[in-house]
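Examining the three-dimensional arrangement
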Amino acid sequence: MTELNCRLATEADLAALCQFYQDICAHQKDDQFGADWHWGIYPREKDIAEAIAQKRAVVGIKDGKIASAGILTVGNDPLYSKFAWPTPAEDNEIAVLHLYGVHPSFRRQGLSSVLLTFIKDKAKKLGCKSIRLDSMDGNVPARRLYEKNGWRFVSQETVYYDDIGDCKVDLLELAL
């Protein structure tokens, strides 16, 4: 398995984690697929610092650098509450994965599955029955990655994000 140290992010990681997301945002112009993130709106330093403080930011470290990261929250995302999900669960039994990414210089090394396994284990320990997420419509590599790691396609829906407005997304869920 690929060598990756997975752990919760700490306050000492804040600057590096912000740089990680800034690098991904800057690289989007070169990506055919990917999130449509806008540094300072989504994601932003305040939200990353809050996720670290709440022990919800996860990082995968390789060669002393943040190679992959995400934010795992507990409680259904308000954007998702109007949609039908296959796994029955109370709000406190639902995890949502946000801002999952791999740094451009660490892509295509098999790192995603390692951090996603860590995230699954973390959600189970938190008592969650499922992990939900969305992927932008047409982001075939992300959808393949999630499905390879056990997520199942639920539906395609339109959601509203503050930074990009209405957009079509694929909703995916992993039953734990």
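Note that this is a predicted model, so its numbers are computed, not measured.

This paragraph deals with the nonpolar core. Of all hydrophobic cores here, the largest spans 25 residues; its most connected members are Tyr100, Leu116, Ile119, Ile131, Tyr146 and Trp151. Only strand S3 (65-74), strand S4 (94-102), helix H3 (111-125), strand S5 (130-136), helix H4 (140-148) and strand S7 (165-175) provide two or more residues apiece to this core. Counting residues per element, this core draws most heavily on H3, at 6 residues.

This next bit is on helix H1 (residues 14-27). Taking 1.5 Å of rise per residue, 14 residues should cover 20 Å, and H1 covers 20 Å from first to last C-alpha, within 8% of that figure. Turning to H1, its buried residues number three or more, namely Leu17, Cys18, Phe20, Tyr21, Ile24 and Cys25. The buried residues of H1 all sit within an arc of 150° when viewed along its axis, so they share a single face. In this structure, the buried residues of H1 make contact with helix H2 (45-53), strand S2 (57-62), S3 and S4.

Listed as buried for H2 are Ile48, Ala51 and Ile52. Down the axis, H2 shows its buried residues gathered within 100° of arc, on one side only. Along H2, exposed side chains directed more than 90 degrees from the buried face belong to Lys46 and Ala53. Trailing H2 by a residue or two, Lys55 shows a phi angle of about 60°, which is positive.

With respect to the helices and strands, Ser112 occurs in helix H3. Ignoring anything within four residues of it in the chain, the contact list for Ser112 reads Tyr100, Val102 and Leu145.

Moving on, we come to unusual backbone geometry. Cis geometry marks the peptide bond from Tyr42 to Pro43; its omega dihedral reads 5°. Inspection of the secondary structure puts Pro43 in the loop between H1 and H2. At Leu99, a residue that is not glycine, the phi angle is positive and equals roughly 50°. Summarising the element assignment, Leu99 is placed in strand S4. Take Leu99: its relative accessible area is 7%, and that puts it in the buried class.

Here the focus is the packing of H1 against H2. H2 packs onto H1 with a crossing angle of 130° between their chain directions and a minimal axis gap of 10 Å. As far as their axial angle goes, H2 and H1 are oblique. When the axes of H1 and H2 are compared, the crossing they make is right-handed. In contact with Leu14, Leu17, Cys18 and Tyr21 of H1, H2 contributes Glu45, Ile48, Ala49 and Ile52. Across the contact of H1 with H2, the residue classes break down as 7 nonpolar, no polar and 1 charged.

What counts and how
Residues numbered from 1 in each chain as written. Predicted model: local features only at pLDDT ≥ 70, side-chain atom pairs only at ≥ 80, totals over all residues. Heavy atoms only, no water. Core = buried A, V, L, I, M, F, W, Y, C linked by side-chain atoms within 4.5 Å. Buried < 20%, exposed > 50% of the residue type's maximum accessible area, 1.4 Å probe, protein only. Helix = DSSP H or I, 4+ residues; strand = E, 2+ residues; numbered from the N terminus. Expected span 1.5 Å × (residues − 1). Arc of directions from axis to C-beta. Contact = heavy atoms within 4.5 Å. Axes fitted to C-alpha atoms, helices over the stretch in contact; angles between N-to-C directions. Parallel < 35°, antiparallel > 145°, perpendicular 65-115°, else oblique. Left-handed = near helix turned anticlockwise from the far one by under 90°. Nonpolar A, V, L, I, M, F, W, Y, C, P; charged D, E, K, R; others polar.

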